[in-house]
Amino acid sequence: MRYIREELKKRVGDNEQKPVSFFEVFSKFIETESQSKTWTKGTLTKFDTNISHLKKFQESKKFKIEFDSIDEAFFNKYVKYQREDIDHRNTTIAKNLKIFKWFMNWATKKGYNKNLAYRDYSPDLKGTTRNQNIIFLTWDELMGLYLKEIPQKYLENVRDVFCFCCFTGLRYSDVYNLKRGNIKPDTIEITTIKTDDALIIDLNDYSRAILYKYKDI
């Protein structure tokens, strides 16, 4: 049997795939997702920073990160490293864990990872719960700002962008990335940067007026 196997390898070729390292897969994830989802420079930097943290974590603890080694103990050590070694707050740690799980979901879907222990990890990070006291402008406050005469042109531009966010419900990052192709006669059609949601937003008199004001820019 061994002789037959060796002969088959010579004639057909050895097509057995070599194992791919954790960080090779992470880099592939960043490369493919950043292109298909058209990540902004800020998002790309955020993911590159996460890979850097993981590599330094690996070096400091003198062990190799592999998909099979990712369990509750791994996460506890990684959280402790972020808190004590690089002085991250719980809110930042929670964001980093979210990015990590995003990558793990992708790696699992693509067949690189078979270890699903990461799905059960849900740490209680104090200070990361959403603040229920929502702060907002009243309609009179918003209109007072919208109608106010501002002599400085650059401050007028800032005011208009802020009001446009209020009138459309868009995040600043999405307004910043608006293209002319997103603007339809009565709507804005956009895929959001943060959540990758496809939205169709009706234009009202105020958002339409701001768009018209800057139509030649």
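Residues numbered from 1 in each chain as written. Predicted model: local features only at pLDDT ≥ 70, side-chain atom pairs only at ≥ 80, totals over all residues. Heavy atoms only, no water.

(A) Structural context of the packing of aromatic side chains. All chains considered together, the criterion is met by 33 aromatic pairs. With centroids separated by 6.0 Å and ring planes inclined at 80 degrees, the aromatic side chains of Phe22 and Phe26 adopt a geometry described as edge-to-face. Here Phe22 pairs with Phe26, and both are found in helix H2 (residues 22-36), just four residues apart, close to one helical turn. Residue Phe22 is classed as buried on the basis of its relative accessible area, which comes to 3%. (Phe/Tyr/Trp six-rings, centres within 6.5 Å; stacked < 30°, edge-to-face > 60°. Helix = DSSP H or I, 4+ residues; strand = E, 2+ residues; numbered from the N terminus. Buried < 20%, exposed > 50% of the residue type's maximum accessible area, 1.4 Å probe, protein only.)

(B) Examining the layout of surface pockets more closely. In this structure, the second largest pocket encloses a volume near 650 Å³. What lines the second largest pocket is a set of 20 residues, and nearest its centre among them are Leu178, Ile210, Leu211, Tyr214 and Ile217. Those elements that place two or more of their residues in the lining of the second largest pocket are helix H7 (153-168), helix H8 (172-176) and helix H9 (205-213). Classifying every residue of the lining of the second largest pocket gives 14 nonpolar, one polar and five charged. (1 Å grid on protein atoms, 1.4 Å probe; cavity = no way out; pocket = protein on both sides within 12 Å on 5 of 7 lines; lining within 4 Å. Points joined across faces, edges and corners; volume = space filled by probe spheres on them. Nonpolar A, V, L, I, M, F, W, Y, C, P; charged D, E, K, R; others polar.)

(C) Broad picture of the side chain of Asn115. Tracing the chain through its elements places Asn115 in the loop between helix H5 (90-109) and helix H6 (139-147). Assessed through its relative accessible area of 16%, Asn115 is described here as buried. Reaching out from Asn115, the side chain makes a polar contact with the backbone oxygen of Phe67 at a distance of 3.0 Å. Beyond its immediate sequence surroundings of up to four residues, Asn115 is in contact with Phe67, Asp68, Ile70 and Met104. (Polar contact = N/O pair within 3.5 Å; in protein donor to acceptor, adjacent residues only side chain to side chain. Contact = heavy atoms within 4.5 Å.)

(D) Examining the side chain of Gln58 more closely. Inspection of the secondary structure puts Gln58 in helix H3 (residues 41-61). Residue classification places Gln58 among the buried residues on the basis of a relative accessible area of 18%. A distance of 2.7 Å separates the side chain of Gln58 from the backbone nitrogen of Ile65, its partner in a polar contact.

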